[in-house]
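Structure at a glance
The primary structure of each chain is shown beneath.
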Amino acid sequence: AKSEGKNRYVVHSSELLNVMMDEYMLEVDLRRALDNDEFVLHYQPQINNNTGKLVGFEALIRWQHPTLGLIPPGKFIKLAEENGLITQIGEWVINEACSQNKKWQDAGMTPVKMSVNLSTQQFLTRDLLAFMEDMLERTAIDPAYVVVEITEYMAMEYEYSIQVLEQLKALGIGISIDDFGTGYSSLNYLKNFPIDYIKIDKSFVSEIMNNEKDAIIVNAIITLAHNLRKEVIAEGVETQEQLDFLKSHHCDISQGYYFSKPLPADEIEKIYLEQH
Ligand code: C2E
Ligand code: CA
Ligand code: CA
Ligand code: CA
C-alpha cells in the first residue's frame, strides 16, 4: 500500500507541485503585502429602507498585488487565517476603515456607521479589546459609528464570546451577526449575545422572488429580529423587486449592487461628499 501511495504521488507530482508553489508564492507575497501597503478597502453603502438615506458602509478588503492585479478577499483571507497573518491584516482593516470614517466626518459628510468584518482568530485574540480601545483613542472616532460583523465562530468559545461582546458593547461599539441563517448561526445567539443587527445572507435575498421558502425564511427572520429589538440588514440586494419585498416586510437596511457595489474611498467621496 505504501508503494502504491508513492506511485500515485509521482503521477500527480508536477501538478501538485505547481499548486503548492502557487500557494507558497502567494503566501510569501502575502507576508510582504502589509509592509508594502498593498491592501485597500472598498466601501459598500448601506441604505435605510424607510428614508432612502445612507446610514453606513461595510469595509471590504482587496489586495492590490504588484503583478496579479486586484485580488478579492475570497482568494486570500483563508490563507491569511491559516498562516496567522489575519490578525495583523484585520487590525489594519479596522484602523484604516475607522480613520477613513473619521476623515469623512471631519470633511463634513453626514456621520454614518462603519462595519468591519472580524475573522475567527481576530475575535478570539486576547488583545482584541485592548486593540479596540487603543484604536478608538488613536482615530478619535466616536464608537457609536463603529460596528463589528461576526459569524458562527462564536459557537467555538461560547462563554468567552459573550464576555468579549459585552465588553465591546461597553465600549460603545455595535455588533452585527453576519451571514445570518447560514453555517452554525443559531437562535441561541439571539437569546444570549448582545447583538444590535442581524445581516440576512445574500443567498436568501437573491432567491426571495423565485423561491417561496426563502421568502418565508426572510420574513420570519425579520419578525423574529424585530420582536427581539434588533435591526435587520439585507445583504446582496440587486433588484427593485427584492427591495420592494424587503421594504414591505419592514426590513430596516439594505446593502447590495442595486444601490452600489463596494467602491474605493475616492469614489465614495465623489458621491457622498459632493452631495453635501
Ligand atoms: P461578506 O461579509 O458576506 O460580504 C458580502 C460580500 O458580498 C462582499 O464580497 C460583497 O462585495 C458582496 N456583495 C455585496 N453586494 C452584493 C450583491 O448585490 N450581489 C452579490 N452577488 N454580491 C454582493 P467580497 O468583498 O468579495 O467579500 C467576500 C467575503 O470576504 C466577505 O463576505 C467576508 O466574509 C470576507 N471579507 C471581506 N473583507 C474582509 C475583511 O476585512 N476581514 C475579514 N476577516 N473578512 C473579510
Ligand atoms: Ca460582512
Ligand atoms: Ca462573512
Ligand atoms: Ca454574506
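Residues numbered from 1 in each chain as written. Chains lettered and ligands numbered in written order. Predicted model: local features only at pLDDT ≥ 70, side-chain atom pairs only at ≥ 80, totals over all residues. Heavy atoms only, no water.

Side note on the overall build of the chain
What the chain contains, in helices and strands, is 11 helices and 10 strands. Its C-alpha atoms give the chain principal-axis dimensions of roughly 65 × 45 × 40 Å. Long-range contacts, defined as pairs at least 24 residues apart, comprise 66% of the intrachain contacts of the chain with a sequence gap of at least 6. Total accessible area on the chain stands at roughly 14,500 Å², and carbon and sulfur atoms take up 51% of it. Placing the 24 positive and 42 negative side-chain charges of the chain at their respective mean positions leaves the two points 2 Å apart. (Helix = DSSP H or I, 4+ residues; strand = E, 2+ residues; numbered from the N terminus. Contact = heavy atoms within 4.5 Å. Areas by Shrake-Rupley, 256 points an atom, 1.4 Å probe, with all protein chains shown as cover. Lys, Arg positive; Asp, Glu negative; His and termini not counted. Charge placed at Lys NZ, Arg CZ, Asp CG, Glu CD.)

Examining the coordination of the calcium ion (ligand 3)
Surrounding the calcium ion (ligand 3) are the protein donor atoms Asp-178 (OD) and Asp-179 (OD), at 2.7 to 3.0 Å. Here the calcium ion (ligand 2) and the calcium ion (ligand 3) are spaced 4.3 Å from one another, each receiving a donor from Asp-178. On the basis of relative accessible area, Asp-179 is assigned to the partly exposed category, the value being 21%. (Donors = N, O, S within 2.8 Å, 3.2 Å for Na, K, Ca; no water. Buried < 20%, exposed > 50% of the residue type's maximum accessible area, 1.4 Å probe, protein only.)

Quick look at the site of ligand 1
Taken together, 20 residues lie around ligand 1, and Gln-44, Arg-62, Lys-202, Glu-238 and Tyr-257 are the ones closest in. Asn-117 places a polar side-chain atom, nitrogen or oxygen, 3.1 Å from an oxygen atom of ligand 1. A distance of 3.2 Å separates an oxygen atom of ligand 1 from a polar side-chain atom of Glu-235. Starting from 800 Å² of accessible surface for ligand 1 in isolation, the protein chains cover 81%. Placement of ligand 1 is best described as lying within the largest pocket. Of all the secondary-structure elements, those providing two or more residues to the shell around ligand 1 are strand E2 (54-65) and strand E6 (174-180). Of the residues forming the shell around ligand 1, the biggest block, 4 residues, is contributed by E2. Counted by class, the shell around ligand 1 contains 8 nonpolar, 5 polar and 7 charged residues. (Near = heavy atom within 4 Å. Polar contact = N/O pair within 3.5 Å; in protein donor to acceptor, adjacent residues only side chain to side chain. 1 Å grid on protein atoms, 1.4 Å probe; cavity = no way out; pocket = protein on both sides within 12 Å on 5 of 7 lines; lining within 4 Å. Sits in = over half its atoms within 2 Å of the grid points. Nonpolar A, V, L, I, M, F, W, Y, C, P; charged D, E, K, R; others polar.)

Some thoughts on the pattern of salt bridges
According to the stated counting rule, one finds 8 salt bridges in the structure shown. Between Glu-27 and Arg-31 there is a salt bridge, with the nearest N and O atoms lying 3.1 Å from each other. Of the two residues, Glu-27 and Arg-31 are both situated in helix H1 (residues 2-33); the distance of 4 residues between them amounts to about one turn of the helix. Here Glu-27 falls in the partly exposed class, since its relative accessible area comes to 22%. A relative accessible area of 45% means that Arg-31 is categorised as partly exposed. In the salt-bridge network here, residues are joined through shared partners; they are Glu-58, Glu-149 and Lys-199. (Salt bridge = Lys/Arg side-chain N within 4 Å of Asp/Glu carboxyl O.)

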